[in-house]
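Each chain is listed here by its residues.
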Amino acid sequence: MNLILMGLPGAGKGTQAERIEDAYPVAHISTGDMFRAAMAAGTEMGKQAKAFIDKGQLVPDEVVDGIVKDRLGEKDTDEGYMLDGFPRTIAQAEALETITKTLAKPIDAVINIDVKPDVLVERLSGRYICKNCGATYHKLYNPTKVADTCDRCGHHEFFQRDDDKPETVKNRLKVNIEMNTPLLDFYDQRHLLFNVNGDQDIDLVFAEIKKILETIAQ
């Protein structure tokens, strides 16, 4: 079973990736882990990637594609793999098609955890921090027990990190939507795309994913 897992920031992709990995014999392959492993192992592609990263430059597609090909060629992917964070562009998606065809490990499904952007803004911009002791809270998932009062120190002043502010979150989501939409269309045209409702309890999200995976595994 060979998968691509997609979803906007805050959609719960990391949680579902762990559950899929626990329940099915798939190697979870994230872009970051793949790069770090290739550079640590000193592979040819890893060395090339490191040369660009050390200069503060973006790693070109041909090097990224080479690292992906090397990783998918490893033994632990023979029973299945789950790509997380790749592909990011249509060019990478097209290269991945060639790679998986060459390795005889084609993609079986693209699981997209779908959550409305306004819900994600609430999720991602809900964090706030006590100015006095640094205790972290979330207005939806972990509010203070008494309004405007830190549970730990009783202080009444809080702040938000710049990354958590609604406008920053909205911009981050906008960038990701612009990047993801063409990819979703690409895989939809190939009848590989499955959208899962991510705006529900995480157990229900995983139950939907399991139904899809059991269907394609038949």
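The name that an unreviewed UniProt entry assigns to the chain is Adenylate kinase, with the source organism given as Lacticaseibacillus suilingensis. What UniProt records for the chain under Function (unreviewed entry) is the sentence "Catalyzes the reversible transfer of the terminal phosphate group between ATP and AMP. Plays an important role in cellular energy homeostasis and in adenine nucleotide metabolism."

A. Seen up close, the state of the cysteines. Considering all chains together, one arrives at zero disulfides under this definition. No disulfide involves cysteine 130; its sulfur sits 3.6 Å from that of cysteine 153, the nearest cysteine.

B. Representation of the nonpolar core. Counting residues in hydrophobic clusters, the biggest one holds 28 residues, and the most contacted among them are Ile4, Val68, Leu72, Leu83, Leu96, Val110 and Tyr187. Broken down by secondary-structure element, the contributors of at least two residues to this core are β1 (2-7), β2 (27-30), α2 (31-41), α4 (61-72), β3 (81-84), α5 (90-102) and α7 (166-189). Aside from chain neighbours lying at most four places away, what touches leucine 83 is Leu3, Ile4, Leu5, Ile29, Leu72 and Leu96. In this structure, Leu5, Ile111, Val205 and Leu213 belong to the second largest nonpolar core, which totals 25 residues.

C. Quick look at the sheet that holds strand β5 (residues 127-130). If you trace the three strands from one edge of the open sheet to the other, you get β6-β5-β7, paired in antiparallel fashion. At either end of the open sheet lies a strand with only one pairing partner, and these are β6 (136-138) and β7 (158-159). Where β5 and β6 come together, three bridges link them in antiparallel fashion. By the bridge assignment, isoleucine 129 is partnered in β6 with threonine 136.

D. Here's a closer look at α7. With 24 residues, α7 extends 34 Å between its outermost C-alpha atoms, agreeing within 8% with the 34 Å of an ideal straight helix rising 1.5 Å per residue. Residue asparagine 180 marks the point of greatest curvature in α7, where the axis turns by about 30°; the proline proline 182 follows within four residues. Within α7, the full set of buried residues consists of Val169, Leu173, Asn176, Asn180, Leu183, Leu184, Phe186 and Tyr187. Looking at the buried positions of α7, the neighbouring elements they touch are β1, α5, β4 (109-114), α6 (117-124) and β8 (193-197). At the exit of α7 stands histidine 191, carrying a positive phi of roughly 60°.

E. Molecular detail of the pattern of salt bridges. Tallied over the entire structure, the rule returns 15 salt bridges. With a closest N to O distance of 2.6 Å, arginine 19 and aspartate 203 form a salt bridge. Here the residue arginine 19 occupies a position in helix α1 (residues 13-23), and aspartate 203 occupies one in helix α8 (residues 202-216), the gap between them amounting to 184 residues. When its relative accessible area of 25% is taken as the criterion, arginine 19 is described as partly exposed. Take aspartate 203: its relative accessible area is 44%, and that puts it in the partly exposed class. A salt bridge links lysine 174 to glutamate 178, with the shortest nitrogen-to-oxygen separation between them at 3.0 Å. Taken together, the positions of lysine 174 and glutamate 178, both in helix α7 and four residues apart, correspond to about one turn of that helix. Overlapping salt bridges, with partners in common, bring together Arg71, Glu74 and Asp76 in one network.

Cut-off values and rules
Residues numbered from 1 in each chain as written. Predicted model: local features only at pLDDT ≥ 70, side-chain atom pairs only at ≥ 80, totals over all residues. Heavy atoms only, no water. UniProt positions renumbered as here; feature names shortened; annotations may be inferred. Disulfide = S-S within 2.5 Å. Core = buried A, V, L, I, M, F, W, Y, C linked by side-chain atoms within 4.5 Å. Buried < 20%, exposed > 50% of the residue type's maximum accessible area, 1.4 Å probe, protein only. Helix = DSSP H or I, 4+ residues; strand = E, 2+ residues; numbered from the N terminus. Contact = heavy atoms within 4.5 Å. Pairing = 2+ DSSP bridges. Expected span 1.5 Å × (residues − 1). Bend = angle between axes of the 7 residues up to and from the residue. Salt bridge = Lys/Arg side-chain N within 4 Å of Asp/Glu carboxyl O.

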